[in-house]
Amino acid sequence: MNNPFVGIVQTAGLLGWCMSGQCTTCGSMFFVAIDRLAGERGDALADALCQLDPRTFVALHQWESALDVAFRTLRQSSQQDMVSRAWLAKAGQSPSFDKVVRSLVL
Ligand SMILES: [Zn+2]
């Protein structure tokens, strides 16, 4: 499965991008990449987030912060609703993923 959001998180791990929105060391490249994926309407980011596999995602570099940044980058509340529903439907697959999801959506 080629999930573009997962690809960005993997790239961040490889290149040492941090998850800060104001970093002069890496230039906040993670934010730049997430913003580019979201595009003007945010649909591509929303789709990628809906399709995350909790079990493999939680093994990635700084996945909790990455999830937080991505969720807050969604352009519309309807997209946040859609992603929240998709994540809650995956409850039980990964306790640590569920915990972060609850902190974001509830
Ligand atoms: Zn940085």
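Calculation notes
- Residues numbered from 1 in each chain as written.
- Predicted model: local features only at pLDDT ≥ 70, side-chain atom pairs only at ≥ 80, totals over all residues.
- Core = buried A, V, L, I, M, F, W, Y, C linked by C-beta atoms within 7 Å.
- Buried ≥ 20, exposed ≤ 12 C-beta atoms within 10 Å, placed from the backbone.
- Helix = DSSP H or I, 4+ residues; strand = E, 2+ residues; numbered from the N terminus.
- Axes fitted to C-alpha atoms, helices over the stretch in contact; angles between N-to-C directions.
- Parallel < 35°, antiparallel > 145°, perpendicular 65-115°, else oblique.
- Left-handed = near helix turned anticlockwise from the far one by under 90°.
- Contact = placed C-beta atoms within 7 Å.
- Nonpolar A, V, L, I, M, F, W, Y, C, P; charged D, E, K, R; others polar.

1. What to know about the nonpolar core
Turning to step 1, where the next piece is worked out: Membership of the largest hydrophobic core comes to 25 residues, with the highest contact counts inside it found for Phe5, Leu45, Leu49, Ala66 and Ala70.
Turning to step 2, where the next piece is worked out: Within the residue set of this core, elements represented by two or more residues are helix H1 (4-15), helix H2 (29-38), helix H3 (43-50), helix H5 (63-73), helix H6 (77-88) and helix H7 (95-105).
Turning to step 3, where the next piece is worked out: Sort the elements by how many residues they give to this core and H5 lands first, with 5 residues.

2. A short note on the packing of H3 against H6
Turning to step 1, where the next piece is worked out: For the pair H3 and H6, the least separation of the axes is 9 Å and the interaxial angle reads 10°. Relative to H6, the element H3 is oriented roughly parallel. Considering how the two elements wind past one another, H3 and H6 form a crossing that is right-handed. On H6, the residues that touch Ala46, Leu49 and Cys50 of H3 are Gln79, Met82, Val83 and Ala86.

3. Observations concerning the packing of H2 against H3
Turning to step 1, where the next piece is worked out: As a packed pair, H2 and H3 sit with axes 5 Å apart at the nearest point and diverge in direction by 105°. With respect to H3, the axis of H2 lies roughly perpendicular. Along its contact with H2, which presents Ile34, Leu37 and Ala38, the element H3 presents Ala44, Leu45 and Ala48.
Turning to step 2, where the next piece is worked out: A breakdown of the residues in the contact of H2 with H3 according to their chemical character gives 6 nonpolar, no polar and no charged.

4. Notes on the environment of Gly13
Turning to step 1, where the next piece is worked out: Tracing the chain through its elements places Gly13 in helix H1.
Turning to step 2, where the next piece is worked out: Among the residues examined, Gly13 registers 14 C-beta atoms within 10 Å and is labelled partly exposed.
Turning to step 3, where the next piece is worked out: Spatially, the C-alpha atom of Gly13 lies 29 Å from that of Ser77, the residues being 64 residues apart in sequence.
Turning to step 4, where the next piece is worked out: When near neighbours in sequence (up to four residues on either side) are disregarded, Gly13 contacts Leu60 and His61.

5. What to know about the environment of Pro95
Turning to step 1, where the next piece is worked out: Structurally, Pro95 is set in helix H7.
Turning to step 2, where the next piece is worked out: In the structure, Pro95 is positioned 37 residues away from Val58 in sequence and 9.8 Å away in space, judged by C-alpha atoms.

6. Here's the deal with unusual backbone geometry
Turning to step 1, where the next piece is worked out: Backbone geometry places Ser28, a non-glycine residue, at a positive phi of 50°.
Turning to step 2, where the next piece is worked out: Here Ser28 lies in the loop between H1 and H2.
Turning to step 3, where the next piece is worked out: Ser28 gets classed as partly exposed once you count the C-beta atoms within 10 Å, which come to 19.
Turning to step 4, where the next piece is worked out: Of note in the backbone geometry, Gln62 takes a positive phi value of approximately 45° without being a glycine.
Turning to step 5, where the next piece is worked out: Secondary-structure assignment places Gln62 in the loop between helix H4 (54-57) and H5.
Turning to step 6, where the next piece is worked out: Classification of Gln62 as partly exposed rests on a count of 16 C-beta atoms within 10 Å.

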